[in-house]
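# Overview (structure and organization)
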Amino acid sequence: MVFVLLGGAAIAVAQGARDPFGEDPFGDPPAGADPFTEAPAMEDPFEARRPPVPREAEVAEVEADPDRPGVPIAPDEADPAVLAISEMDLTSPERLMFAVRSLFDLGRFEHAQFYLARLLDMEPEPEVLVGFYERYGESLFHRLRLHAAMAPQGEALARAVLDANHEAARAPDRLQRLIREFSSPSPARRARAIDQMRRVGEAAVPAFLEALADETRSDEHAAIRRGMAELGEYLVQPMLGAFRTPDDALRVHVIGVLGGLGDRRAVAPLVGALVDPDSPPEVCEAAEEALVQIVGAVPNRRQIEQFLERRAREYFEGMLPGRLDHEDRITLWGWDESQGTAAPERWEAHAASLLHAARLARDLHRMSPDNRQHQRLYLVTNLEWAKYLGGLDQPLMLEEDSPAAEAAQLPLSAVEDALVYALETGREAAAMAAAEVLGQRGDAGLLESAGGQARPLARALRHADRRVRLAAAHAILRIDPRGPFAGSSHLIEALDFAIRTQGTRRALVVHPRVETGQTLVGLLAEIGFEADSATTGRTAFRLASAYPDYEFVFISDAIERPSARDTIQMFRRDPRTNRSALGLMGRHGTLADAERFAETDSLVLAFPRPLDQTGIAFQAGRLLRLAGRGLVGYDERLNQADLALQHLERLAENPRIYNFYDLHRLVPTLRDALATPELSVRAATILGYLGGPEAQRALVTLASQEAMSLGLRRAAAVAFEHAVQQRGVLLTRPEILLQYERYNLSERADTGTQQVLGAILDTIESPTQAAQSQPDPPATAPTAS
């Protein structure tokens, strides 16, 4: 059919008849012509005829570009359609697109490629490309894009056409015209407009909200809401986001749309509006009407309370509020104040659940503020949400009028109760936030106890999560107690563990064969981890409990006394190693048992021993993902250590006030911290305040090492001077003689080194010089016997 029509069209053009792209075929006949007279006879379209010679312009065009497809007219071409198209005046994008479509449908791909190349060279305007889409439909361009014979021009044209249509379909003026059609008296026009808006999808949401917020179009609002309800499920999430608008008039319209959509996901915010004391009457009335549409009745107060508590707890325990995408994220809509409209945002699954839990618990607390259980749920959910938003490694931000700021204004007893609940239920982020709030309140009564039992804030110093321990320590030091309290010794332990970081990414390998362990250490080095190895579980535990830098541990199931399983249990019993991600390396014949054991511990993975860089990188990645947000990264570890040193510096500087803290137990850790450049200066300063023999020895050793930076050596010399002023020279005679020897050997050293070594000797000699500068006591007359 197409073949004959194309052939007839081409022959008509050849005979001088009207061009199908010229005069209107449905218009008036030419003046003087009788439309009812018999038309002149046309020649047979299948009659053999000699094909025309290619036009000179086309030949020149091909010769100018050797890579371009040649003019696709063979001397023996007999296809009337191809011949007819070759004789058409193909000088406009529209005519070229007609030729491309016709030849592509006929399977003449080389011919179609030639005209397609000419079409792309013309770079049609976007409105022309939109015309192609409207005339030929979307399917043609998908076929051009996917057909191998049309590559690469077919894909280029399809992309240009589809992109142009995508932009044009979402143009604000067009969307508002379609929305006005929702009020048309013509059912066909209304249905067509609704169908067009359905094709636009979520991109139409801002236009809908703009129309509903426009009070000059109030006569259209009812029709717009009805039309939006007909669009169905895809508008539910956007309208739940629009529900958060601060414009109460717009919220009334949004509630009407939600009622029309009839989706039960809207029930939670609707009942929240009913119990919110700040909701205006018109919002409450609209919410009641929408609830009747969705569930058939307005729930009573008891039903609302039960619903909010049940749903808040379900979301807090991990129930998902939507579908996971390919990255295990959930798209939720909210109100974007900067744009003045609803907008989507992708959240981690945990965060999406937590957001819903916090909102529902807030509504529940507003409904029954004196209920202790509801108050606790409100605090832990909203404090955890605030901590998540700000970052686990950042201080809690309590912005004015934020839910977290509101929660922080509750009585101290309520916040302390929330801390206890968070500690007992494993909600570490909530526990951190509660501790920070208590620290900001600064009430020393939070540490007072009867019977020697530590208060919750002090008990948190022994928690398995290092972030919780440090949050509790920072809170207590902010409260600034001036006397001992139950659990005060654990505060120094928490700070001690934090400053043990060596400022590197580290891993631990446990294998009974030294050479195999070293092979794994080498492979880990290739992927950026410094690693230590141990041949027994006890040695591994001592290392892991002493240093905070191990991001994961590889344990061979071949170790004995203790076994791999007993070693893992040892890790789990100590708060310093309780959250370590452990890889259990099974052997041939034991891997299945290792996998079964790993199923009993959420932080254990079982796998064969990695043999190359690719294998160890894969397993290390699995363990890091297993640790998840609980993993304390390199930068955070350094920040924790620096903050711990700041606290210790204040304590060491004021020994008379804080003499109930045993700071001298930290000297070995501070000595090791001198080797970490980011921590060394502050560690040296603290050693100078402590001033004991070991501290002085560490300072003069550091100051005498030419490999260290001159600035650090000078800081160590100044700290040593302060230590001597406080405690006197506590170096042994051999250590003092060693310093004189170092100075004498520095004859050829740089000036800075000589000055540092000279300053140390001046400090050593200063007590003697001070004693010699004292005048002799006056002589006394002998007493007569």
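Everything below is about the structure shown above.
The structure displayed is predicted, hence computed values, not measured ones.

### Here's the deal with a negative patch on the surface
On the surface, a cluster of negative charge is made up of E282, E285, E288 and E289. Structurally, E285 can be placed in helix 16 (residues 281–295). Classification of E285 as partly exposed rests on a relative accessible area of 48%.

### Digging into the packing of aromatic side chains
This model, assessed by the stated rule, comprises 11 aromatic pairs. An angle of 45° between the planes, with centres 5.9 Å apart, marks the rings of F182 and F208 as tilted. One end of the pair, F182, is in the loop between helix 9 (172–181) and helix 10 (187–200); the other, F208, is in helix 11 (residues 205–213), with 26 residues separating them in the sequence. Neither F182 nor F208 differs from the other in exposure class; each is buried. Seen from their ring centres, F552 and F554 are 5.4 Å apart, and the 35° between their planes marks the pair as tilted. The pair formed by F552 and F554 is uniform in burial state, with each residue classed as buried. Over the ring of F316 we find R427; its NZ or CZ atom is 3.7 Å from the centre of that ring.

### Considering the pattern of salt bridges
Taken as a whole and assessed by the stated rule, the structure comprises 43 salt bridges. Linking E493 and R665 is a salt bridge whose minimum nitrogen-to-oxygen distance equals 3.8 Å. One end of the pair, E493, is in helix 25 (residues 488–498); the other, R665, is in the loop between helix 31 (634–653) and helix 32 (667–673), with 172 residues separating them in the sequence. The class for E493 is partly exposed, based on a relative accessible area of 28%.

### Looking at the environment of L674
Structurally, L674 is set in the loop between helix 32 and helix 33 (677–690). Of the residues examined, L674 reaches a relative accessible area of 6% and is grouped as buried. Along the sequence, L674 and L712 sit 38 residues apart, while their C-alpha atoms lie 9.1 Å from each other. Filtering out sequence-adjacent residues up to four positions away, L674 remains in contact with S680, A683, A684, L687, A698, L702 and L712.

Procedures and definitions
- Residues numbered from 1 in each chain as written.
- Predicted model: local features only at pLDDT ≥ 70, side-chain atom pairs only at ≥ 80, totals over all residues.
- Heavy atoms only, no water.
- Patch = residues over 30% accessible without salt bridge, like charges linked within 9 Å, V, L, I, M, F, W, Y side chains within 5 Å.
- Areas by Shrake-Rupley, 256 points an atom, 1.4 Å probe, with all protein chains shown as cover.
- Salt bridge = Lys/Arg side-chain N within 4 Å of Asp/Glu carboxyl O.
- Lys, Arg positive; Asp, Glu negative; His and termini not counted.
- Charge placed at Lys NZ, Arg CZ, Asp CG, Glu CD.
- Helix = DSSP H or I, 4+ residues; strand = E, 2+ residues; numbered from the N terminus.
- Buried < 20%, exposed > 50% of the residue type's maximum accessible area, 1.4 Å probe, protein only.
- Phe/Tyr/Trp six-rings, centres within 6.5 Å; stacked < 30°, edge-to-face > 60°.
- Lys NZ or Arg CZ within 6 Å of the ring centre and 35° of its normal.
- Contact = heavy atoms within 4.5 Å.

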